[in-house]
Amino acid sequence: MAKRLSVIVSQGASSNPAKRQLEEDVITGLMFAPAIDVTVVPNLYDLKPDSTGMLALKGIGGDLVICSWMFERAAHWILDRNQISGKVGTTLLKNAEDDFDEEEEEEEVEDSAKSKPRVIERRTVPNRRIYCLDFKISNAAPTYIDEVLRIQKELGVSMVSLGLGAPRTSPSNEQTQRFESPTNTTALARNGNGLADFTNGILLDDVSGESAAGVVNRIDDESARRWYPVIDYSRCTNCLECIDFCLFGVYGIDKIDTILVEQPDNCRKGCPACSRVCPENAIIFPQHKTPAIAGSAEVGVSLKIDLSQLFGAPEQGKSAAEIAAIERDEQLIMAGRQAVGTAVLEKRQPEKFRPAQRDELDDLVDQLDELDI
């Protein structure tokens with residue numbers, strides 16, 4: 001039996017008209033493609049584990065594609081924390097922030113992995129692919145529709161095998177308008193979801209589940225805006241620095257002593273401090289304005305660069321760890337608690353706070369500064 005491909009469209013947290021239009025254009029385009037089921041949910045990051053939207057996603061089996069307004073890493077690991085797991089599917093769409101030397105990155109990851117086992121290596125990953133498409137890459141709907149069709153072909157969901165000929169191209173504007181506002185009197189009524197109950201002039205009930213197109217499931221969920229960390233277990237080494245650093249009870253450990261986000265809603269809104277102290281850049285805040293914190297792939301697990309600058313340091317001349325301590329202490333004070341500074345970090349990472357020993361080069365630089373050349 002030929003399989004169908006599930007596509008999830010995660011709507012943006014805001015009601016920006018341009019974003020909504022792009023989402024709807026992608027949904028409409030995929031309705032004309034056979035063997036594709038589309039599920040539309042509110043912002044994935046805001047959904048709670050027991051929400052209607054998340055429960056619906058947990059019920060989807062097999063390979064899936066998710067389109068969201070988040071970086072690929074962020075979307076993948078949000079699904080994972082909700083027990084929707086799978087292997088990372090390779091997409092040809094790349095965000096500008098992820099445009100780095102992939103060969104150099106792979107070498108960094110490989111070298112680091114030899115000395116630091118990752119949590120993902122101890123886990124059993126289901127034999128299915130999850131492809132994450134970032135709506136921030138392009139404002140053109142065909143970009144995403146074509147990529148979904150490419151993935152569909154890659155996975156072997158062949159239109160020819162379904163007896164439907166070659167894959168359909170995206171509908172033209174004229175076709176879309178006629179679909180939305182039919183002029184003939186015999187047009188079928190539209191259902192409660194605002195979708196016509198037909199595909200290419202055929203009632204959905206009259207065609208098999210294998211070849212039917214236009215299957216769109218819209219899920220309403222009154223989810224409030226949320227802010228919490230998401231762990232990328234392909235980078236996490238379970239060093240537990242985050243659980244020591246965060247003093248709001250966000251993190252915990254499971255039965256096999258692996259770090260997890262246990263109380264996500266304890267996190268202080270807008271505070272990304274724990275992501276700055278993570279040695280492997282494994283902690284993601286999907287809604288943060290700085291790409292490295294929001295889940296961009298630009299920072300590899302052992303990349304030797306100034307993380308404080310990459311993470312959008314608000315204080316000049318301070319390290320990422322010192323900035324994190326300042327951000328965390330601000331939240332402690334707002335909560336009526338006492339600031340603790342870098343005490344925990346100094347205990348865990350003494351080498352980062354130990355004054356560097358001077359050498360002849362330092363003396364030479366000081367002499368040149370004094371000359372004021």
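Residues numbered from 1 in each chain as written. Predicted model: local features only at pLDDT ≥ 70, side-chain atom pairs only at ≥ 80, totals over all residues. Heavy atoms only, no water.

Caption draft 1: A look at the nonpolar core. Counting residues in hydrophobic clusters, the biggest one holds 50 residues, and the most contacted among them are L44, Y45, L57, L79, Y251 and F285. Considering every element that reaches this core, the biggest residue donor is helix α3 (residues 72–81), with 5 residues. Residue contacts for L57: discarding those within four places in its chain leaves I8, T39, V41, L44, L79 and I84. In this structure, V9, V26, L149 and L155 belong to the second largest nonpolar core, which totals 28 residues. (Core = buried A, V, L, I, M, F, W, Y, C linked by side-chain atoms within 4.5 Å. Buried < 20%, exposed > 50% of the residue type's maximum accessible area, 1.4 Å probe, protein only. Helix = DSSP H or I, 4+ residues; strand = E, 2+ residues; numbered from the N terminus. Contact = heavy atoms within 4.5 Å.)

Caption draft 2: Local environment of the pairing of strand β3 (residues 64–68). With 5 of 5 residues buried, β3 lies mostly within the body of the structure. A two-sided burial pattern is seen for β3, the buried positions comprising L64, I66 and S68 on one face and V65 and C67 on the other.

Caption draft 3: How the structure looks around the packing of helix α1 (residues 17–31) against helix α5 (residues 141–154). Relative to each other, α1 and α5 sit at 40°, their axes nearing to 9 Å. The angle between the axes of α1 and α5 places the two elements in the oblique class. Relative to α5, α1 is oriented so that their crossing is right-handed. Residue-level contacts link L22, D25, V26, G29 and L30 of α1 to A141, Y144, I145 and V148 of α5. Grouping the constituent residues of the contact of α1 with α5 by class yields 7 nonpolar, 1 polar and 1 charged. (Axes fitted to C-alpha atoms, helices over the stretch in contact; angles between N-to-C directions. Parallel < 35°, antiparallel > 145°, perpendicular 65-115°, else oblique. Left-handed = near helix turned anticlockwise from the far one by under 90°. Nonpolar A, V, L, I, M, F, W, Y, C, P; charged D, E, K, R; others polar.)

Caption draft 4: A look at the side chain of R118. Within the secondary structure, R118 is located in the loop between α4 (102–115) and β5 (129–134). In terms of polar contacts, R118 uses its side chain to reach the backbone carbonyl oxygen of K116, at 3.2 Å. (Polar contact = N/O pair within 3.5 Å; in protein donor to acceptor, adjacent residues only side chain to side chain.)

Caption draft 5: Local environment of the environment of A321. In this structure, A321 sits in helix α11 (residues 320–334). When the C-alpha atoms of A321 and S275 are compared, they prove to be 9.6 Å apart, with 46 residues separating the residues in sequence.

Caption draft 6: Spatial organisation of the side chain of D46. By the secondary structure assignment, D46 is in the loop between β2 (36–41) and α2 (52–58). Owing to a relative accessible area of 4%, D46 belongs among the buried residues under this scheme. In terms of polar contacts, D46 uses its side chain to reach the backbone amide nitrogen of R226, at 3.0 Å. For D46, the contacting residues outside a window of four places in its chain are A13, S223, A224, R225 and R226.

Caption draft 7: Seen up close, the sheet that holds β3. Read across the open sheet, the 6 strands follow the order β4-β5-β3-β1-β2-β8; overall the sheet is parallel. Of all strands in the sheet, those bounded by a partner on one side alone are β4 (87–88) and β8 (215–218). Examined bridge by bridge, strand β1 (residues 5–10) and β2 share 6 bridges and lie parallel to one another. Paired with V7 across the bridge in β2 is V38. (Pairing = 2+ DSSP bridges.)

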